[in-house]
Amino acid sequence: MLLKLWSLGITGPLWTWFKEYLSNRQHFVYINGASSSLLPVYSGVPQGSILGPLLFLVYVNDIPTSICHSTAYLFADDTKFVKRIFDESNAMELQLDINSLHRWCEKWLLSLHPDKCFAVRYGLSTYAVPEYLLDDKPIKSTNVHRDLGILMTSNLSWSSHYDHICSRAYSSLYLIRRSFSAALSPNLKKQLYLALVRSHLCYCSQVWRPRLLKDIATLERVQRRATKYILHDYVTDYKTRLTSLHLLPLMYWLDLLDILFLVKCLQDKNDTINIFKYISFVECPTRAGSTKKLKHNYCRTSTSRHFYYNRVVLLWNSLPMVDLNQSFSSIKCTVLAHLWNHFYKFFDPTNPCKLSYLCPCSKCYVSPRA
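Thresholds, definitions, all that
Residues numbered from 1 in each chain as written. Predicted model: local features only at pLDDT ≥ 70, side-chain atom pairs only at ≥ 80, totals over all residues. Heavy atoms only, no water. Core = buried A, V, L, I, M, F, W, Y, C linked by side-chain atoms within 4.5 Å. Buried < 20%, exposed > 50% of the residue type's maximum accessible area, 1.4 Å probe, protein only. Contact = heavy atoms within 4.5 Å. Helix = DSSP H or I, 4+ residues; strand = E, 2+ residues; numbered from the N terminus. Expected span 1.5 Å × (residues − 1). Patch = residues over 30% accessible without salt bridge, like charges linked within 9 Å, V, L, I, M, F, W, Y side chains within 5 Å. Areas by Shrake-Rupley, 256 points an atom, 1.4 Å probe, with all protein chains shown as cover. Salt bridge = Lys/Arg side-chain N within 4 Å of Asp/Glu carboxyl O. Lys, Arg positive; Asp, Glu negative; His and termini not counted. Charge placed at Lys NZ, Arg CZ, Asp CG, Glu CD. Phe/Tyr/Trp six-rings, centres within 6.5 Å; stacked < 30°, edge-to-face > 60°. Lys NZ or Arg CZ within 6 Å of the ring centre and 35° of its normal. Arc of directions from axis to C-beta. Pairing = 2+ DSSP bridges.

Draft legend 1. Local environment of the nonpolar core. Grouped together as the largest cluster of nonpolar side chains are 56 residues, with contacts concentrated most on Trp208, Leu219 and Leu262. Contacts of Trp208, omitting those with residues within four sequence positions, involve Ile150, Trp158, His161, Tyr162, Ile165, Leu201, Cys202, Tyr203, Leu219 and Leu254. Counting 14 residues, the second largest nonpolar core, distinct from the first, contains Met1, Phe18, Leu55 and Trp108.

Shown next as structure tokens:
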């Protein structure tokens, strides 16, 4: 770590301070009342320290500079190489980047565990997945891999992820029922549901938002059950319970999250996400009260049609006038009011196509015009 700081130009009294902070440290293991003897720490930073995450990011920040043929994505201790593979030469280039990563790790004394490294191919190509090596050990190929809490599959199907998040949501709901008295007020039960259950069903929904009616019904069923528990009402219909709790259907809420993410990207422009690489505005003089709507891109497959940057076009263009000069909270209130109005008029818990603000099924889908 000290060599890395020196190579980045941190010298003089500041480097001396880091040296005193990181040097001459010892650690031991404590298990069931028994502790090991003290052993010196030759590398790394104190775990749990305030500076730990920052120093680790400094330590690995130059990995992309050693990668020539692929695109490297880093998040904390997760590193991904992404490359389009059309033939054997592309696969060889990816292997060269893996070798470069291995040399970087050897130089900076950071070991990689081959059993925790995976190769995943996304797409419909019939090209066989080659065997990649890390330190002369084969990297496992898999069709499903968990990445930052999301189960990614090689064919871009989200069924495994839906099963996973529904299982976690049901477990959290069951834990609430066991841990809290049935006499708890509906308002407190609702807050527990929003914090501990719905959060599982909304995390990163812009990536995996369902498009099949069976998946929509599966996810919505979690909230159906939760509303029965919150109100202790097993008689009235789902729409009545939602109205009583002032709670939007789950699919409406996911649509709201899609819209708000777009608004954030449009209002807070930064280098991390350049929204205009994926969407563009066109003049729309016929749209009352507004001068712009989003241009719809041609989608070759039904799967790509439901990618975030394509489906959000329909959501945005279906809204009443949205003034991006307003504050984010004001825009959120405006969109929420529109969704609630739509809910009161059109929501039908017995019709799967009416569970969403805009039904994504092929029967309800209308190809928009630019």
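Next comes the rest of the description.
Draft legend 2. Summary view of helix α14 (residues 328–346). Taking 1.5 Å of rise per residue, the 19 residues of α14 would be expected to cover 27 Å, and the 27 Å separating its terminal C-alpha atoms lies within 8% of that figure. Residues Ile331, Val335, Leu339, Trp340, His342 and Phe343 constitute the buried set of α14. Each element contacted by the buried residues of α14 is listed here: α10 (238–245) and α11 (250–267).

Draft legend 3. Summary view of a positive patch on the surface. Taken together, the side chains of Arg177, Arg221, Arg225 and Lys228 make up a positively charged region of the molecular surface. Here the element with the most residues in the positive patch is helix α9 (residues 213–231); it accounts for three residues. Tracing the backbone through its elements, the reader meets Arg177 in helix α5 (residues 159–179). Owing to a relative accessible area of 43%, Arg177 belongs among the partly exposed residues under this scheme.

Draft legend 4. Highlighting the packing of aromatic side chains. This model, assessed by the stated rule, comprises 19 aromatic pairs. On the numbers, 6.2 Å between centres and 80° between planes, the contact of Tyr59 with Trp104 is edge-to-face. On the criterion of sequence distance, the pair formed by Tyr59 in helix α3 (residues 52–60) and Trp104 in helix α4 (residues 88–107) is long-range, its members being 45 residues apart. For the residue pair Tyr59 and Trp104, the accessibility class agrees, reading buried in each case. Through a chain of ring-to-ring contacts, the aromatic side chains of Tyr238, Tyr252, Trp340, Phe343, Tyr344, Phe347 and Tyr357 assemble into a single cluster. Over the face of the ring belonging to Tyr21 we find Arg25, whose NZ or CZ atom lies 5.0 Å from the ring centre. Lying across the ring of Tyr229, Lys189 places its NZ or CZ 4.8 Å from the centre.

Draft legend 5. Broad picture of helix α2 (residues 12–22). The complete set of buried residues in α2 reads Trp15, Phe18, Tyr21 and Leu22. For α2, the buried positions fall inside an angular range of 120° around the axis, keeping them on one side. Residues of α2 that are exposed and point more than 90 degrees away from the buried face comprise Pro13 and Glu20. Against α1 (2–7) and α3 lie the buried residues of α2. One or two residues past the end of α2 sits Asn24, with phi positive at roughly 55°.

Draft legend 6. Up close: the side chain of Arg305. The residue Arg305 is located in helix α12 (residues 302–305) in this model. The charged side chain of Arg305 is buried without a salt bridge, its nearest counter-charge being Asp215 at 13 Å. Other than its neighbours up to four places away in sequence, Arg305 contacts Cys299, Asn310, Arg311, Pro360, Ser362 and Tyr365.

Draft legend 7. Molecular detail of the pattern of salt bridges. Per the stated rule, a full pass over the model turns up five salt bridges. Two residues, Asp258 and Arg311, come together in a salt bridge whose shortest N-O distance is 2.8 Å. With Asp258 in helix α11 and Arg311 in helix α13 (residues 308–318), this pair connects stretches of sequence that are 53 residues apart. By the burial criterion, Asp258 is buried, and Arg311 matches it.

Draft legend 8. Inspection of the pairing of strand β12 (residues 150–153) at higher detail. Residues of β12 alternate between two faces, with Ile150 and Met152 on one and Leu151 and Thr153 on the opposite face, all of them buried. Here four bridges tie strand β11 (residues 144–147) to β12, and the two strands are oriented antiparallel to one another. Following the sheet pairing, Val144 is matched in β12 by Thr153. What sits between β11 and β12 in their antiparallel hairpin is a turn of two residues, with Leu148 showing a positive phi close to 55°.

Draft legend 9. Here's a closer look at the pairing of strand β6 (residues 78–82). Here strand β5 (residues 71–75) pairs with β6 via five bridges, running antiparallel. The residue bridging Thr71 from the neighbouring strand is Val82, located in β6.

Draft legend 10. Summary view of the side chain of Arg198. Residue placement: Arg198 occurs in helix α7 (residues 198–202). An unpaired buried charge is present at Arg198: no salt bridge exists, and Glu220, the closest side chain of opposite charge, is 9.1 Å distant. Beyond its immediate chain neighbours, meaning those up to four positions away, Arg198 contacts Tyr193, Gln223, Leu247, Leu250 and Trp253.

Draft legend 11. How the structure looks around the environment of Ser160. You can see Ser160 is positioned in helix α5. In the structure, Ser160 is positioned 147 residues away from Phe307 in sequence and 18 Å away in space, judged by C-alpha atoms. If sequence neighbours within four positions are ignored, Ser160 has contacts with Leu151 and Thr153.

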